[in-house]
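Coordinates in review
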Amino acid sequence: MSVALRMLYSVVKEGIPWPLGAFENKRTFTSIENICFAVNGVLTSMVESGIYNMGDDEALSTNELIEEICKSLGKKARIWRLPCGLIRFVARAGQWLHLPLNPMRLQKLTENYVSSNAKIKAALGVEKMPVDAREGLKRTLESFR
């Protein structure tokens, strides 16, 4: 995720508008503080062996992510809400014309990637992770400077 986030950060920093604003998707992020909290809890508690999804409590949309990046840079968010049908048409044409946007990339950029952290929170006996998604993201973006 860090590489993709750095790439998006660079694009936003250059002032390039985000043309996929009409697509509403959600992404789960995981702050390093929450990972450390969970690892510490697993190592120091009697947590049942198993597979646990890690994530911050709140999923953010790509549009919200761009807004947070802009806040960190002191810039105004430039999110274009072009019609989804037009974007899909451009992506289909991109496949044939070998453009950077094609149907597979469009799907990756616009679909949801959300996981639940309910199982790890229950195992640790907490209702909320210590750091919320926006605060964790803010700290990550500060590290990019």
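Preceding this paragraph is the structure being described.
A few points on the structure. (Residues numbered from 1 in each chain as written. Predicted model: local features only at pLDDT ≥ 70, side-chain atom pairs only at ≥ 80, totals over all residues. Heavy atoms only, no water.)

**Digging into the overall build of the protein**
Assigned secondary structure in the protein consists of seven helices and zero strands. C-alpha atoms of the protein, sized along the principal axes, occupy 55 × 35 × 20 Å. A buried classification covers 35% of the 145 residues belonging to the protein. Look at the contacts in the protein between residues 6 or more apart in sequence, and 82% of them connect residues 24 or more apart. Carbon and sulfur atoms form 59% of the exposed surface of the protein, whose accessible area is close to 9300 Å². Between the centroid of the 20 positive side chains of the protein and the centroid of its 15 negative side chains there is a distance of 8 Å. (Helix = DSSP H or I, 4+ residues; strand = E, 2+ residues; numbered from the N terminus. Buried < 20%, exposed > 50% of the residue type's maximum accessible area, 1.4 Å probe, protein only. Contact = heavy atoms within 4.5 Å. Areas by Shrake-Rupley, 256 points an atom, 1.4 Å probe, with all protein chains shown as cover. Lys, Arg positive; Asp, Glu negative; His and termini not counted. Charge placed at Lys NZ, Arg CZ, Asp CG, Glu CD.)

**Description of helix H3 (residues 62–73)**
Across its twelve residues, H3 extends 17 Å between first and last C-alpha, which sits within 8% of the 16 Å expected from 1.5 Å per residue. Most of H3 sits out of view: nine of its twelve residues are buried. Residues of H3 that are buried include every one of Thr62, Asn63, Glu64, Leu65, Ile66, Glu68, Ile69, Cys70 and Ser72, and no others. (Expected span 1.5 Å × (residues − 1).)

**Re the packing of aromatic side chains**
The tally for this structure, following the rule as stated, stands at one aromatic pair. Stacked on the ring of Tyr52, the Lys or Arg Lys119 has its end atom at 4.8 Å from the ring centre. (Phe/Tyr/Trp six-rings, centres within 6.5 Å; stacked < 30°, edge-to-face > 60°. Lys NZ or Arg CZ within 6 Å of the ring centre and 35° of its normal.)

**Description of the environment of Asp56**
Inspection of the secondary structure assignment puts Asp56 in the loop between helix H2 (32–44) and H3. Separated by 73 residues in the primary sequence, Asp56 and Met129 have C-alpha atoms spaced 6.6 Å apart. When residues no more than four places from it in sequence are discounted, the contact partners of Asp56 are Thr28, Phe29, Thr30, Ser31, Asn34, Asn117, Val131, Asp132 and Ala133. A polar contact is formed between the side chain of Asp56 and the backbone nitrogen of Ser31, at a distance of 3.0 Å. (Polar contact = N/O pair within 3.5 Å; in protein donor to acceptor, adjacent residues only side chain to side chain.)

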